[in-house]
Amino acid sequence: MFFITMWKYLCSMLAVLAFTACHTNKNMSTNTAPTETVNDILPEGVNVSASFRMFWEAWNTDLRQKEDSPEKYTPSDSLIKRFSLREQNGEYLLSGYLHAEEGFNPDNLSEISGYITRYSDSIYSFAVPLKSLSRLVALPGIRYIETASPVQNRQSIIK
């Protein structure tokens, strides 16, 4: 008796699912392209840390909301605080680390108004203005990009 009752419920649920699946809205417009800027998508082949990817997405969202070009953009206070952006000469800079391939030319970063310090043959620290981020990720010879994390006093963490 129990199985017959369960079978009836199961058949009813399957019929509802089949009916619902057959009547989805297939008339949705397919030609509505999402609003995209040139900076929305990281170039293929660029490996980045999770923190850089989070910054990239938050930066693009903030940029779209303010409807500014990267050259005229001023980041929101929350973005400045969350990613420890610093202001220098009226521009906000993102700091981080680069892991480069052999043959990487650090002068390329200087050409886009960035600052670079070499630690080894393949590891560099950098600071680059936000307006130059799109060009940073497109530089040849970069294997991996990572954003710097703010250092906190251990006592403030323990509290």
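**A few points about the overall build of the chain**
Here is step 1: Of the regular secondary structure elements, the chain holds six helices and six strands.
Here is step 2: Here the chain holds 159 residues, and 30% of them are scored as buried.
Here is step 3: Long-range pairs, those at least 24 residues apart, make up 59% of the contacts in the chain between residues at least 6 apart in sequence.
Here is step 4: Accessible surface computed for the chain: about 11400 Å², of which carbon and sulfur atoms make up 55%.

**A look at the pairing of strand S6 (residues 142–147)**
Here is step 1: Alignment of strand S1 (residues 47–48) against S6, held across two bridges, turns out to be parallel. Opposite Asn47, over in S6, you have Tyr144 as the bridge partner.

**Considerations on the packing of aromatic side chains**
Here is step 1: For the structure shown, the criterion picks out five aromatic pairs.
Here is step 2: Seen from their ring centres, Phe55 and Trp59 are 6.4 Å apart, and the 10 degrees between their planes marks the pair as stacked. Residue Phe55 and its partner Trp59 are both found in helix H2 (residues 50–66); the two are separated by four residues, about one turn of the helix. Neither Phe55 nor Trp59 differs from the other in exposure class; each is buried.
Here is step 3: Here the aromatic cluster, defined as three or more aromatic residues joined through ring pairs, consists of Phe52, Phe55, Trp56, Trp59 and Phe83.

**Remarks on the pairing of strand S4 (residues 115–118)**
Here is step 1: Pairing geometry for S4 and strand S5 (residues 123–129), over four bridges, is antiparallel. Bridge pairing in S5 places Ile116 opposite Phe126.
Here is step 2: Connecting the antiparallel pair S4 and S5 is a turn made up of four residues.

**Some words on a nonpolar patch on the surface**
Here is step 1: A cluster of nonpolar side chains, Tyr97, Tyr119 and Ile123, forms an exposed patch at the surface whose accessible area comes to about 300 Å².
Here is step 2: Mapped onto the fold, Tyr119 is located in the loop between S4 and S5.
Here is step 3: Judged by its relative accessible area of 54%, Tyr119 is exposed.

**A short note on the pattern of salt bridges**
Here is step 1: Inspection of every chain in the model, using the stated rule, returns two salt bridges.
Here is step 2: Across the pair Glu91 and Lys131 runs a salt bridge whose closest N-O atoms are separated by 2.8 Å. Here Lys131 lies in the loop between S5 and helix H5 (133–137) and Glu91 lies in strand S3 (residues 91–100), a separation of 40 residues in the sequence.
Here is step 3: Judged by its relative accessible area of 26%, Glu91 is partly exposed.
Here is step 4: Exposure remark for Lys131: the relative accessible area of 36% places this residue in the partly exposed category.
Here is step 5: The shortest N-O distance in the salt bridge between Asp121 and Arg118 comes to 2.6 Å.

The rules we used
- Residues numbered from 1 in each chain as written.
- Predicted model: local features only at pLDDT ≥ 70, side-chain atom pairs only at ≥ 80, totals over all residues.
- Heavy atoms only, no water.
- Helix = DSSP H or I, 4+ residues; strand = E, 2+ residues; numbered from the N terminus.
- Buried < 20%, exposed > 50% of the residue type's maximum accessible area, 1.4 Å probe, protein only.
- Contact = heavy atoms within 4.5 Å.
- Areas by Shrake-Rupley, 256 points an atom, 1.4 Å probe, with all protein chains shown as cover.
- Pairing = 2+ DSSP bridges.
- Phe/Tyr/Trp six-rings, centres within 6.5 Å; stacked < 30°, edge-to-face > 60°.
- Patch = residues over 30% accessible without salt bridge, like charges linked within 9 Å, V, L, I, M, F, W, Y side chains within 5 Å.
- Salt bridge = Lys/Arg side-chain N within 4 Å of Asp/Glu carboxyl O.

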